[in-house]
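Residue strings, one per chain:
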Amino acid sequence: VHVSYILSVMMNIIGECLLRRMTRVCKLWRDVALTPSLWYNIDLSSPCIKDRYKTSETVRWLCENRLTGVQELNVGGWKFSGIQSVLETICKSCQDLRGLNMTGWKGLNADHLKYLLANCSHLARLDLSSINPESNSTRSAISPVSIINLTQTMGDRLTHLTLANNKLTAIPQLITSIATHCPNLLVLDLSNLRTVSHSTATMHIEKLQEGCQKLRVLRITNSQIVLSTASLKEQTMEKVRIFYVLKELSVAGFTVDGFCSTPIMDDNAVERILKTSHKLRLLDVRGCSRISDSSLVRVPAWDLEHLFLSGCYVTRLTGSGLELIAQKWSHSLIEVDLAWSTATQALDQAVTALAERAAESPLRILNLCGSSVSLSPVKAVLLRCPLLASLNLSSCRALPRGMKRLYEGNEVSELRSTFEEKPETNKEEKSPAGDDEDNSKSNTENDKQDAVPTEAESGGSNMN
């Protein structure tokens, strides 16, 4: 195998931070490192780039000399004096661009976004997080008119759209436009959204399900969004594969000590969203105090891998079905969050259920921070879940004082060793001595029997 091929494989794995450094090793390494095909996924938001280099001149030089074949470009957190010139450079030099992250571009307006969409014909993934988290402007890139134009222009080309950490208006109209014009949308992130009027906005989930049937990730974490009212006919309509391929749903609310400050989602909302989501892998309902075990048990997915229940009603209700939830997915759960659970009996039964799979358990991460879990279930998880790599026992009031902390990596193994049964070497060492004592006792008894005559023997001797 040619050495240049080996180097290209190595550099394709290590990322762009070391890729830049390897250009300084030697001429061969430089020639391989400058291959345009290696610079296809570049994250310029990395902390290894100092702030003084995050300028429009740096982006212009990189685009013209390194990023001609880039497909995924992250320029989040950069501050530019001339956004229009930067976009012109990106559109001119990066002809094969598929995804662009512009998180935190405070000066980005509707005209800039319109220019980008018109000149990047292959663009399919767009991140517009934190554009205007404090105020909303009609000229902003995430104004209703701008977002509606985005959905209409990109249409079925749009696969990933992130609008997190912004203040928006006309959210129902935006959802309607997305559902109407973007049938191939795979990821929709509406986390940490705020409305201008500081009130909740409505989302017609049935309309989104019908228009975006390929959606795999839906995040509305900590957002002022509620599901709009729908008639019974709309909720029970028989649609083939509505959100059938959905793999991640996050509706977590803002929590304080495990409890949601603004509970919005409830059992009915979960059932409406997940009614046919058989391929769900991640469910995050942290802080949703209105979500109980009745809706969680009825989730149609059978191979859930990540479950976050901190602050849910089911974790605080004595006699809840928390054990049934754990039993349903104990064969597939990799990560479980039961932090701040106060229903001790239900929690102990659920943690014990997670350990029932023993050596077959895939559990790797378990968060019990602030909960009332007992020592016995914790011991069962440690001894029966061999893949466990992270265990959070911070502030668990029912546990011994020395155990209350976060364990990761080798620390979990060390904690497990304290509960493992040690071989009973003392008994084995004492057993030979015990055998000698038994032998000596038996010999003594035999000697006594030989020394003391029986009645028949004594009588016979006297007669003789």
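Only a predicted model underlies this, so the values are computations on that prediction, with no experimental measurement involved.

1. What about the overall build of the protein chain?
When its secondary structure is counted, the protein chain shows 18 helices and 20 strands. Scored against the burial criterion, the 464 residues of the protein chain give a buried share of 45%. Pairs at least 24 residues apart make up 77% of the contacts formed inside the protein chain by residues separated by at least 6 positions. Of the roughly 23,400 Å² that the protein chain leaves accessible, carbon and sulfur atoms contribute 50%.

2. Notes on the pattern of salt bridges
Evaluation of the coordinates by the stated rule reveals 9 salt bridges. One salt bridge connects arginine 219 with aspartate 189, and the closest N-O pair in it is separated by 3.5 Å. Here aspartate 189 lies in strand S7 (residues 187-189) and arginine 219 lies in strand S10 (residues 217-219), a separation of 30 residues in the sequence. Arginine 298 is paired through a salt bridge with glutamate 271; the nearest N and O atoms lie 2.4 Å apart. Placement of the pair is arginine 298 in the loop between helix H12 (293-297) and strand S16 (306-308) and glutamate 271 in helix H11 (residues 267-273), with a sequence separation of 27 residues. By relative accessible area, arginine 298 is classed as exposed at 52%. Beyond isolated ion pairs, a larger network of salt bridges with shared partners links Asp189, Arg219 and Glu248.

3. Looking at the packing of helix H5 (residues 83-93) against helix H6 (residues 110-119)
Two numbers describe how H5 lies on H6: the axes approach to 10 Å, and their chain directions differ by 10 degrees. With respect to H6, the axis of H5 lies roughly parallel. Of H6, the residues touching H5 (which contributes Ile83, Gln84, Leu87, Glu88 and Cys91) are His112, Tyr115, Leu116 and Asn119. A breakdown of the residues in the contact of H5 with H6 according to their chemical character gives 5 nonpolar, 3 polar and 1 charged.

4. Overview of the nonpolar core
By size, the foremost hydrophobic cluster in this structure holds 119 residues, and its most contacted members are Leu128 and Leu368. Looking at which element gives the most residues to this core, the answer is helix H14 (residues 344-354), with 6 residues. Sequence-distant contacts of leucine 368, defined by excluding residues within four places in its chain, comprise Leu338, Ala339, Leu347, Val351, Val373, Val378, Leu391, Asn392, Leu393, Ser394 and Cys396.

5. Quick look at empty space enclosed by the protein
To find the voids left in a structure, one rolls a probe of water-molecule size over its atoms. For the structure shown, the criterion picks out 3 cavities of 30 Å³ or more. Approximately 50 Å³ is the volume attributed to the second largest cavity. Around the second largest cavity, the lining residues are Leu307, Leu309, Leu322, Ile325, Ala326, Leu333, Val336, Leu338, Ala350 and Leu354. Where the lining of the second largest cavity is concerned, the elements lending two or more residues are helix H13 (322-329) and H14. Here the lining of the second largest cavity gets 3 residues from one element, more than from any other, and that element is H13. Residue composition of the lining of the second largest cavity, grouped by class: 10 nonpolar, no polar and no charged.

6. Considerations on the packing of aromatic side chains
If you walk through the whole model with that rule in mind, you get 2 aromatic pairs. Centre to centre, the rings of tryptophan 78 and phenylalanine 80 are 5.9 Å apart; their planes meet at 35 degrees, and the pair counts as tilted. Taken as a pair, tryptophan 78 and phenylalanine 80 share a single burial class, namely buried. Summarising the aromatic geometry, the rings of phenylalanine 80 and tryptophan 105 are spaced 5.0 Å apart at their centres and angled 75 degrees between planes, so their arrangement reads as edge-to-face. Linking phenylalanine 80 in the loop between strand S2 (72-74) and H5 with tryptophan 105 in the loop between strand S3 (99-101) and H6, this pair joins segments that are 25 residues apart in sequence.

7. Regarding the environment of phenylalanine 243
With respect to the helices and strands, phenylalanine 243 occurs in the loop between helix H10 (232-235) and strand S12 (248-250). Remark: the alpha-carbon pair of phenylalanine 243 and glutamine 209, spanning 34 residues in sequence, is separated by 5.9 Å.

8. With respect to the side chain of glutamate 206
When you line up the elements, glutamate 206 lands in helix H9 (residues 205-211). A polar side-chain atom of glutamate 206 sits 2.8 Å from a polar atom in the side chain of arginine 272.

Parameters and conventions
- Residues numbered from 1 in each chain as written.
- Predicted model: local features only at pLDDT ≥ 70, side-chain atom pairs only at ≥ 80, totals over all residues.
- Heavy atoms only, no water.
- Helix = DSSP H or I, 4+ residues; strand = E, 2+ residues; numbered from the N terminus.
- Buried < 20%, exposed > 50% of the residue type's maximum accessible area, 1.4 Å probe, protein only.
- Contact = heavy atoms within 4.5 Å.
- Areas by Shrake-Rupley, 256 points an atom, 1.4 Å probe, with all protein chains shown as cover.
- Salt bridge = Lys/Arg side-chain N within 4 Å of Asp/Glu carboxyl O.
- Axes fitted to C-alpha atoms, helices over the stretch in contact; angles between N-to-C directions.
- Parallel < 35°, antiparallel > 145°, perpendicular 65-115°, else oblique.
- Nonpolar A, V, L, I, M, F, W, Y, C, P; charged D, E, K, R; others polar.
- Core = buried A, V, L, I, M, F, W, Y, C linked by side-chain atoms within 4.5 Å.
- 1 Å grid on protein atoms, 1.4 Å probe; cavity = no way out; pocket = protein on both sides within 12 Å on 5 of 7 lines; lining within 4 Å.
- Points joined across faces, edges and corners; volume = space filled by probe spheres on them.
- Phe/Tyr/Trp six-rings, centres within 6.5 Å; stacked < 30°, edge-to-face > 60°.
- Polar contact = N/O pair within 3.5 Å; in protein donor to acceptor, adjacent residues only side chain to side chain.

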